[in-house]
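So you can see what is in the structure, the chains are spelled out below.
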Amino acid sequence: MISSREVLVSGAPFIHDHRTTARSAWLVSFMLLPILLWETLLSGWGTLGAAAASISVALAADLLQSGLRRRFELDDGSAFLTGLLIALALPLKPPLYAPIAASAFAILVIKGAFGGLGNNWMNPALGGVAFAWLNWGPSLAASQGSTPASLPLAFVSTLPSLVSGFDDRVTGLLNTLLFQPLGASLPSGYVASMLGVESNGTIGLPVGLALAASAALIGFRVIRWQIPAAMFLFFIAPFWAFGGLASSGLFSGDVLGQTLAGSFLLVAFFMATDPVTSPSRTGQMIIFGAGCGLIAFLFVEFGAPAFAPLFGVLFMNALMPFIEGIRWPRAKLGEGKE
Amino acid sequence: MHSLRLEPRRDWELLLPVPNAYLPTTATVPLKQHRGKAARRVVEVGTVVREGMVLAVPDGELSTYIHSPIPGTVRSVSVSRLPEGGECEAVEILLSGSFDRLGKRPERYIWKGMRRADLLQTLRAKGVVETSGKGMPLDALIESKKRGCHIVINALDREPYLRTETSIAESRIGDLLDAVLIVASLVEAATIKIVVDGEGPQSLQSIETFAPLKKDGSYGVELVRSMGGQNAADPGKIRKSGPGSESLHLLPSTLVAIYDAIVEGKAFVERYVTVAGGAIRRPAVLKARIGTPIGDLIEECGGFVESPERLVLGGPLTGFPALNLDLPLTKMIGGVLALTPPETRRGKVRPCIRCGLCGEFCPVGIDPEIIFRDLTGGRIVEAKARGLGSCISCGICSYVCPSRIELSQCLSAHAGG
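A. Molecular detail of the overall build of chain A. In terms of regular secondary structure, chain A is built from 14 helices and zero strands. Burial analysis of chain A (338 residues in total) assigns 47% to the buried set.

B. Geometry of the overall build of chain B. When its secondary structure is counted, chain B shows 14 helices and 16 strands. Taken over C-alpha atoms, the radius of gyration comes to 21 Å for chain B, in line with the 22 Å a tight globule of 417 residues would show. Considering only C-alpha atoms, chain B reaches an extent of 60 × 50 × 40 Å along its principal axes. Of all 417 residues assigned to chain B, the portion counted as buried reaches 53%. A sequence separation of at least 24 residues applies to 72% of the contacts in chain B between residues at least 6 apart.

C. Just the confidence of the model for chain A, in detail. Residues and elements named next belong to chain A. When pLDDT is averaged along chain A, the result is 83, and 85% of the positions lie at 70 or above. Every residue in residues 1-7 is under pLDDT 50, and counting partners more than four places away or in other chains gives five contacts. With pLDDT under 50 throughout, residues 331-338 is counted as low confidence; its partners more than four residues away or in other chains account for 13 contacts.

D. Summary view of the domain arrangement of chain A. Residue and element names in this part refer to chain A. Along its sequence, chain A is carved into domain 1 (21-144) and domain 2 (224-325). Placing a centre on the C-alpha atoms of domain 1 and another on those of domain 2 gives a separation of 22 Å. Tallying the contact residues gives 15 residues for domain 1 and 15 residues for domain 2. Every element with two or more residues in the side of domain 1 that touches domain 2 is listed here: α3 (78-89) and α5 (124-144). Sort the elements by how many residues they give to the side of domain 1 that touches domain 2 and α5 lands first, with six residues. Counted by class, the side of domain 1 that touches domain 2 contains twelve nonpolar, three polar and no charged residues.

E. Spotlight on the domain arrangement of chain B. Domain annotation for chain B reports domain 1 (111-262) and domain 2 (357-415). Each of domain 1 of chain B and domain 2 of chain B has a C-alpha centre, and the two are 31 Å apart.

F. Layout of α3 of chain A. Residue and element names in this part refer to chain A. In this model, α3 (twelve residues) spans 16 Å end to end at C-alpha, consistent with the 16 Å of a helix rising 1.5 Å per residue. Counting buried positions along α3 gives twelve out of twelve residues, so the element sits mostly inside the fold. Buried residues along α3 sit in contact with α1 (21-43), α2 (45-68), α4 (97-112), α5 and α11 (263-271).

G. View of the interface of chain A and chain B. On the chain B side, the residues contacting the 32 residues of chain A number 46 residues. Looking at the side of chain A that touches chain B, its residues break down into 14 nonpolar, twelve polar and six charged.

H. The arrangement of the confidence of the model for chain B in detail. Residues and elements named next belong to chain B. When pLDDT is averaged along chain B, the result is 88; 93% of the residues meet or exceed 70. In the predicted structure, residues 229-243 sits below a pLDDT of 50 and forms 50 contacts with residues beyond four places in sequence or in another chain. At the level of chain-chain contacts, confidence expressed as ipTM amounts to 0.86, with global pTM at 0.87.

I. The sheet that holds strand β12 (residues 270-276) of chain B, seen in detail. All names here are of chain B. Within the open sheet, the five strands sit side by side as β13-β12-β16-β14-β15. Their pairing is mixed. Looking at which strands have only one partner, the edges of the open sheet turn out to be β13 (284-289) and β15 (320-321). Taken together, the six bridges between β12 and β13 define a ladder with antiparallel strand orientation. Looking across to β13, one finds that Glu 270 is bridged to Arg 289. Where helix α3 (residues 164-171) meets the sheet, its contacts fall on β12, β13 and β16 (335-339), and the angle it forms with β12 comes to roughly 125°.

J. Region of the structure containing the sheet that holds strand β5 (residues 66-67) of chain B. Residues and elements named next belong to chain B. Here we have three strands laid out as an open sheet, ordered β2-β4-β5, and antiparallel in their pairing. Edge positions in the open sheet fall to β2 (40-41) and β5, since each of these has one partner strand only. Strand direction decides the pairing type here: β2 and strand β4 (residues 54-57), joined by two bridges, are antiparallel. In the sheet register, Arg 40 faces β4, and the bridge partner there is Val 57.

Reading the values: the criteria
Residues numbered from 1 in each chain as written. Chains lettered and ligands numbered in written order. Predicted model: local features only at pLDDT ≥ 70, side-chain atom pairs only at ≥ 80, totals over all residues. Helix = DSSP H or I, 4+ residues; strand = E, 2+ residues; numbered from the N terminus. Buried ≥ 20, exposed ≤ 12 C-beta atoms within 10 Å, placed from the backbone. Rg over C-alpha atoms; globule rule 2.2 N^0.38 Å. Contact = placed C-beta atoms within 7 Å. pLDDT = per-residue confidence, 0-100. Domains from an automatic or database assignment. Nonpolar A, V, L, I, M, F, W, Y, C, P; charged D, E, K, R; others polar. Expected span 1.5 Å × (residues − 1). Pairing = 2+ DSSP bridges. Axes fitted to C-alpha atoms, helices over the stretch in contact; angles between N-to-C directions.

Laid out in structure tokens, this is it:
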């Protein structure tokens, strides 16, 4: 029989989909964790330390901002995700004040001041990272080329060189089998960057892991493909055409080098797709993504490449009210199909 | 706009023909079983009633005759709380005496010779109402339709768990087709469209099943396989696309009530009901008397396996919450569901993250999220301008909302009738 402890009387519907806001946020964090662990493996404890700092500051700040509104929201996973994204988007071994300040700014100012989750007009992690770059750009840039040092485990000290050797062999194989017959050739370094080793021997984002996480999350329908797809397309096309103008002429931009450069991937897949700050209708998503890509191109071409993808998305975040004003009437009942 | 596919949750064996539920020892018959006004009681405490005897007569808009589902004595007249809210008088009957119909051979009236007015009067006198929507008395419903309108028979269950309509269509196809012909003659139907579940029982998939309708010759008969058999978006499509008097939508449960009233002379005192959900030991479709406490029905299905989190009258998306097990079965209730936590998947209500799922799946193409914001901000005019009025309370926005915001509850409360 029904116990008296609880009789629920709220109205229909009585069943719900399995998707929840919190589960989606935790799932994204879960998919991003391998990236952090791999980076730590390659570049040392400092990376994990910086991430721990940004995540714990994000959690503490969120406890504060939600506590001020007499709520408890840590379990929704969004603060953890913000901290993790900030750690991944900043250089691997930044001066510790950068991730700490970025997380605090992201949660307290961008998220908290506007009323908490769902009310911010830009993605908190994106804003936090931009905040850090604008304040401490030179020192962050200086820390960017993290070299493989002080590895946590002795046996992996050879990993970066192994990866480089692996890159040579795979690139050679691909060139012989695939690209030479087509009259092209793949420069070395891309295969290594899939595993997080840059061409100059420094450690960066393991692009392969990031792409795998993105694909999985698109598969789980946690992130939608339209925004990153449009962003890539509208960045790649102009950059391919004009990006190499100064050095090698039209249609010679190093497209892969630009888009696989860490932050572009993270921004396109994990920050531009934040549901709170991006549209949800297909047409609007494509306009939004295209704008992000085009503005990122302009920044790469004429301004600060380090900020390019960040500012592309920030700019479009600010345009959201206009983008959401562009509407196509949805199919209505009794029209269309029948 | 995407249509939503819900897990059908019908992985239990259906017994055909549908078994009769035990008669309740006490039947509680509310005098208001659907929208409109309550019927006026014509029995007193102590009145000895027979099966099918009139307990209450129509008293105003949408109200209809209410009959005694069992023979016995009126034990009390109480005030009963309605699942959809509000209260009404209810007559409680203690079972006793002999049965006039149970176990006897049914009578068969030859309806073809009857005049239209007599048929309508019979439907009215037997308390037949449409078993979906507003529960409009059938005679009034038919008279509101244009001569030469289209009949649509929805021979499928559109919400998860429920198998009521499909089981009727499967087990009483002959009676159902007779009833279709009765209605078709009443409205002089132009066409008859039968919508079946494309994944449902094979017996309903073939046009041969509906051949008797074609034999009559004067109607165009069409069989539509709805591949969204479980597509809860469809009730809206059906309800809204039937513009006023042009088409008449009927469910098998309404049709067999018509058959029972016209051909067998029976009052609307029993109906088919699905008893299911994860907390029910042996889910089943039963044919039960109006007024049977839902607890009796659940008992007959083996009782609870575990304590249910929600008790539902009707479907899981559009039904009503049941407060206790004494609530009686009424003419409008096609399902009694006892749902467990893994089924309801309730969760903490969180802020809207503007994911847009509610708008993506809304069958009438409105943006529940934005309208909800308007409503909670007191901007009723803006909400109406954004299409609040077209909300059909299908429940889908609340179903998909990952933040578990009660969108549908809020919108339908404001959308009105």
